[in-house]
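What the coordinates show
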Amino acid sequence: MHLLETRDLTHIYRGDVRALEGVNFVAERKSRIAVIGPNGAGKSTLFKHFNGILKPTSGEVLVRGEPITRENVREVRKLVGLVFQNPDDQIFSPTVEQDVAFGPTNLGLDDETVTHRIEEALHLLGIEDLRERVPHHLSGGEKKRVAIAGILAMEPQVLVLDEPTAGLDPQGVADLVAFVNRLPEEYGMTVVFSTHHLGLVAEMADYIYVMDRGTIVGSGTVEEVFTRPELLTRTRLDVPPIPKLIRSLRENGVAIEMAYTYEDAKKSFLDAYVRRA
Ligand SMILES: Nc1ncnc2c1ncn2[C@@H]1O[C@H](COP(=O)(O)OP(=O)(O)OP(=O)(O)O)[C@@H](O)[C@H]1O
Ligand SMILES: [Mg+2]
């Protein structure tokens, strides 16, 4: 039994827009999964199926082996938390603190637990100083962090982040990567995210789904996907700079270990040039 699964999921929007066709997706506990693909590929549509916001035109979505139904959708939303691509679709309370409190309060938790969850979420996102602010007046990146904190405070087993780094400054991106990477080990969470920042994928994911025109056109580990440049270029994507550079060096006869993340690449270079010298 998988934690989250879609079987042959098809979604046709009104006006005969075929946004998903026969999508088979699986997420296990404590995994970090990236969904990549060009604009309009169907990433956000897929994510909205993970906790029953959209209903399949055909096929099904299973959470812990159970198909999502009208009866269990509330339970499903405790397990699968979705942070929307656009934070304005999600933030509506008069203060940041109240906004982050909304989810846990709705779960019926006692005041002490809600307070604790708010503090932890504000702390993890580094937004303690925003707590009294009006969400509507925050900057784009600040809003994004508030939206993530609000879902995180519900402590879902699966945290689904639709383009979490869009609009964040470089330090904000680095903080988000560090935050996401703590969740599986420290909190036992599964993280599913979409991004157009392919350079971040190796830093944040163990497994990748590549989408194009509503279908999954490839999937695999970071290594499996990033060693198939034709798969990525065919879908208007590209191999990120680090594996691209090292691959090219190797093709030109440089004896260096393949690497996908910054830290691994640094190690490969040091091994190849410094320690050997
Ligand atoms: N509410 C809607 N009604 C009709 N069509 C829609 C709706 N939402 C999305 N679509 C269409 O469905 C397709 C998939 O859109 P979706 O937002 O899932 O793509 P995406 O991969 O998230 O793209 P992006 O990278 O731009 O966020 C697109 O062709 C889009 O125009
Ligand atoms: Mg989208």
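Residues numbered from 1 in each chain as written. Chains lettered and ligands numbered in written order. Predicted model: local features only at pLDDT ≥ 70, side-chain atom pairs only at ≥ 80, totals over all residues.

Convention followed: UniProt positions are given in the numbering used here, feature names are shortened, and annotations may be inferred rather than shown by experiment.
Going by what an unreviewed UniProt entry lists, the protein is known as ABC transporter ATP-binding protein and is assigned to Methanoculleus methanifontis. The UniProt entry for the protein carries the following text under Sequence similarities (unreviewed entry): "Belongs to the ABC transporter superfamily." Listed under Subcellular location (unreviewed entry) in UniProt, the entry text for the protein is "Cell membrane".

1. A look at the domain arrangement of the protein
Note the following rule: Marked domain ranges trace back to an automatic or database domain assignment. A pair of residues counts as a contact when their C-beta atoms, built from backbone coordinates, are within 7 Å of each other. Helix and strand assignments follow DSSP, with helices taken as H or I runs no shorter than four residues and strands as E runs no shorter than two, numbered in order from the N terminus.
Segmentation of the protein into domains returns domain 1 (4–228) and domain 2 (240–277). A straight line from the C-alpha centre of domain 1 to that of domain 2 covers 33 Å. Domain 1 puts eight residues into the contact, and the matching count from domain 2 is five residues. Those elements that provide at least two residues to the side of domain 1 that touches domain 2 are helix 7 (198–204) and helix 8 (222–226). It is helix 7 that contributes the most residues to the side of domain 1 that touches domain 2, five residues altogether.

2. What to know about the pairing of strand 1 (residues 4–13)
What counts here: By this definition, two strands are paired if DSSP reports at least two bridges between them.
Judged from the seven bridges that link them, strand 1 and strand 2 (residues 17–27) form a sheet pairing that is antiparallel. Bridging from a neighbouring strand, Ile12 pairs with Arg18 of strand 2. Between strand 1 and strand 2, which pair antiparallel and follow one another directly, the connecting turn spans three residues, one of which, Gly15, has a positive phi of 90°. In the sheet, strand 1 pairs with strand 4 (residues 58–63) via five bridges, with the strands oriented antiparallel. By the bridge assignment for strand 4, Leu4 is matched with Val63.

3. Focus on the environment of Met211
For clarity, the threshold we go by: Three exposure classes are used, all based on how many other C-beta atoms lie within 10 Å of a residue's own C-beta (placed from the backbone): buried at 20 or more, exposed at 12 or fewer, and partly exposed between those limits.
Relative to the elements of secondary structure, Met211 occurs in strand 9 (residues 207–212). Judged by C-beta crowding, with 25 C-beta atoms within 10 Å, Met211 ranks as buried. C-alpha separation for the pair Met211 and Pro87, spaced 124 residues apart in sequence, amounts to 23 Å.

4. Some points on the nonpolar core
Quick reminder of the rule: In plain words, the nonpolar core is the set of buried Ala, Val, Leu, Ile, Met, Phe, Trp, Tyr and Cys residues that C-beta atoms within 7 Å link up.
Grouped together as the largest cluster of nonpolar side chains are 73 residues, with contacts concentrated most on Ala34, Val100, Ala121, Ala149, Val160, Val201 and Ile208. Per element, the largest residue contribution to this core is six residues, and it comes from helix 5 (residues 140–152). Residues from two domains meet in this core; each of domain 1 (4–228) and domain 2 (240–277) gives at least three. If we ignore the near neighbours within four places in the chain, the residues touching Val160 are Phe47, Phe50, Val80, Gly81, Leu82, Val83 and Val192.

5. Notes on the site of ligand 1
Defined as follows: Only the C-beta atom, placed from the backbone, is used; a residue is near a molecule or strand if that atom lies within 6 Å of it. Residue polarity follows a fixed list, in which Ala, Val, Leu, Ile, Met, Phe, Trp, Tyr, Cys and Pro are nonpolar, Asp, Glu, Lys and Arg are charged, and the others, Gly among them, are polar.
In the region of ligand 1, 13 residues are neighbours, and Tyr13, Asn39, Lys43, Ser44 and Thr45 sit closest. Contributing elements (two or more residues each) for the shell around ligand 1: strand 2 and helix 1 (43–50). A per-element tally of the shell around ligand 1 places helix 1 first, with three residues. Grouping the constituent residues of the shell around ligand 1 by class yields four nonpolar, eight polar and one charged.

6. A closer look at helix 5
Test applied: The span one expects for a helix is its residue count, reduced by one, times 1.5 Å.
With 13 residues, helix 5 extends 18 Å from end C-alpha to end C-alpha; this agrees with the ideal 18 Å at 1.5 Å per step. Counting buried positions along helix 5 yields eleven of 13 residues, so the element is predominantly enclosed. Those residues of helix 5 not exposed but buried are Glu142, Lys143, Lys144, Arg145, Val146, Ala147, Ile148, Ala149, Gly150, Ile151 and Leu152. For helix 5, the secondary structure elements touched by its buried residues are strand 6 (80–83), helix 3 (96–106), helix 4 (111–124) and strand 7 (158–162).

7. Side note on the sheet that holds strand 10 (residues 215–221)
We apply this condition: Every axis in this analysis is a line fitted to C-alpha atoms, fitted for helices over the stretch in contact. Angles between the N-to-C directions lie between 0 and 180 degrees.
Strand order across the open sheet formed by six strands is 6-7-8-3-9-10, with mixed pairing between neighbours. Looking at the sheet topology across the chains shown, the edges are occupied by strand 6 and strand 10. Between one strand axis and the next, the sheet turns by 15° as a mean value, whatever way the strands run. Inspection of the sheet shows strand 3 (residues 32–36) paired to strand 9 by four bridges, in the parallel sense. Bridge pairing in strand 9 links Ile36 to Val210. Here helix 1 sits on the sheet and contacts strand 3, strand 6, strand 7, strand 8 (190–194) and strand 9; the angle it forms with strand 7, its principal contact strand, is near 155°. Each of strand 6 and strand 7 is contacted by helix 5, which is oriented at about 170° to strand 6, the strand it contacts most.

8. Overview of the environment of His2
Mapping His2 onto the fold places it in the segment before strand 1. For the pair His2 and Lys48, spaced 46 residues apart in the sequence, the C-alpha separation amounts to 18 Å. Excluding anything up to four places from it in sequence, His2 contacts Val26, Ala27 and Glu28.

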